[in-house]
Amino acid sequence: MVGAIAQLFVFLLAGEALHRLSGLPVPGAVIGMVLLVIWLASVRGDRARLESVSSWLTAHLSVMFVPAAVGIMEEGGVFARFGTALVVATTVSTLLTIVVTALVMRWALARFAPTEAAE
Amino acid sequence: MNALGGLLSTQLFWLAVTLTVFAGADALSLRSRRHPLCHPVLLATPALIVLIRLSGVTYATYSGATSVLGFLLGPAVVGLAVPIHARLGLIRRLALPLFLALLAGSLTAIVSAVGILWLFGGPPDLLATIAPRATTTPVAMELARQLGGRPSLAAALVLGAGVIGAMVATPLLNALGVRDMRARGFAVGVSAHGFGAARAFQVSETAGAFASLGMALNAVATALIILLFAVLA
């Protein structure tokens, strides 16, 4: 179990190091995630512990960003000024993204993967 | 009372309060059968704000006291590698459709959110905050921070997008006539991250799997697209 936790921290550390060395605006955690996918795909091994640790962490993501969400108490000024704009932009963007992604995916599945069974 | 007053600025006190409030919010959310409007974060956040105000401590104190929770987001995001790896076979078989839909969806999310806010006269730090609004919360907060935006506001916008997406996805996709559960799930995951995935799992296992794939892939895609914009700008 400790080994699996260590593995997540080591990949996070490697991602953070690459982030700092490159100066790229990609979060170290995202780089670490990509590195871990590559590692899992290329190195064989028992994954049961890593699976249980990472699924426990992802199942509890919500509580981890509560302190950040509470930070909204400091943003009253922004909401007073740009509240409507933020709500409109977020709503339209969310709906439009669902529509565009679904339509492109449906078209591309029919065009490039017609033999895959639709579900 | 003075002997206990100092407790109000300790890690112990605010972790105990935050976890207890969240556990209560989670129980209510379960009772609502996980309705998006009763997401535990949406219930717990206002309750905690009231408690912090009553206690008289600043947000900086609260944030410092509970920083261990935010710290866990790093390894949790790295852990998303496991479900992606488990679906690598699927990703290879459907590489082109997934790539095209992801690219279109990710670009639409960034450009439409930033564009609309810009039309309303939003300043650069708000544009940086809303740009990653379709990604999962920890990634959005980190991207917003790196772009010079406001992480807390980014978290709030991501939660808002999640609630809207989870509530509207089913009627919207029915109206569009998209019946393929792969396309429906993927679209909701790309646009509404974890909320979308949770909703998709209620509809079908296939939709849920494609939604969590969409969420994970869009975290990477949004980071890369923003990187590309940053390099070109």
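Residues numbered from 1 in each chain as written. Chains lettered and ligands numbered in written order. Predicted model: local features only at pLDDT ≥ 70, side-chain atom pairs only at ≥ 80, totals over all residues.

The helix and strand inventory of chain B stands at 14 helices and zero strands. Overall, chain B shows an N-to-C arrangement of helices and strands of α-α-α-α-α-α-α-α-α-α-α-α-α-α. When burial is assessed residue by residue, chain B has 53% of its 233 residues classed as buried. (Helix = DSSP H or I, 4+ residues; strand = E, 2+ residues; numbered from the N terminus. Buried ≥ 20, exposed ≤ 12 C-beta atoms within 10 Å, placed from the backbone.)

Another aspect to go through is the domain arrangement of chain A. By a widespread convention, an interface's size corresponds to the accessible area lost as its parts come together. According to the domain assignment, chain A consists of domain 1 (1–64) and domain 2 (71–119). A straight line from the C-alpha centre of domain 1 of chain A to that of domain 2 of chain A covers 27 Å. (Domains from an automatic or database assignment.)

Another point: the interface of chain A and chain B. Contacts between the two partners involve 68 residues from chain A and, on the opposite side, 94 residues from chain B. Secondary-structure elements contributing two or more residues to the side of chain A that touches chain B are helix 1 (2–22), helix 2 (28–42), helix 3 (48–59), helix 4 (61–64), helix 5 (66–70) and helix 6 (76–112) of chain A. Residue contributions to the side of chain A that touches chain B peak at 26 residues, all from helix 6 of chain A. Tallied by class, the residues present in the side of chain A that touches chain B amount to 51 nonpolar, eleven polar and six charged. (Contact = placed C-beta atoms within 7 Å. Nonpolar A, V, L, I, M, F, W, Y, C, P; charged D, E, K, R; others polar.)

Judged by how many residues are buried, helix 11 (residues 137–146) of chain B sits mostly within the fold: nine of ten residues are covered. Among the residues of helix 11 of chain B, those classed as buried are B:Thr137, B:Pro138, B:Val139, B:Ala140, B:Met141, B:Glu142, B:Leu143, B:Ala144 and B:Gln146. Buried residues along helix 11 of chain B sit in contact with helix 2 and helix 5 of chain A together with helix 6 (73–79), helix 10 (124–130), helix 12 (151–176) and helix 14 (205–232) of chain B. Positive backbone phi, approximately 90°, marks B:Gly148, located one or two places after helix 11 of chain B.

Before going further, it helps to examine the UniProt feature "transmembrane region" (unreviewed entry) in chain B. Residue and element names in this part refer to chain B. Under the feature "transmembrane region" (unreviewed entry), the UniProt entry names residues 12–29, 41–62, 68–86, 98–120, 153–173 and 209–232. The span residues 12–29 is 100% helical and 0% strand by assignment, and the distance between its end C-alpha atoms comes to 25 Å. The span residues 209–232 is 100% helical and 0% strand by assignment, and the distance between its end C-alpha atoms comes to 34 Å. (UniProt positions renumbered as here; feature names shortened; annotations may be inferred.)

Glancing now at unusual backbone geometry. All names here are of chain B. The residue Arg33 is not glycine, and still its phi comes out positive at about 55°. Counting through the fold element by element, Arg33 comes out in the loop between helix 2 (11–31) and helix 3 (40–55). Overall, Arg33 belongs to the exposed group, with 8 C-beta atoms counted inside 10 Å. One non-glycine residue, Arg34, lies in positive phi territory at about 60°.

Time to look at the UniProt feature "transmembrane region" (unreviewed entry) in chain A. Residue and element names in this part refer to chain A. Per the UniProt record, "transmembrane region" (unreviewed entry) is found at residues 27–43, 55–73 and 79–104. For residues 27–43, the helix share is 88%, the strand share is 0%, and the end-to-end C-alpha distance is 24 Å. For residues 79–104, helix accounts for 100% and strand for 0%, while the C-alpha atoms at its two ends are 34 Å apart.

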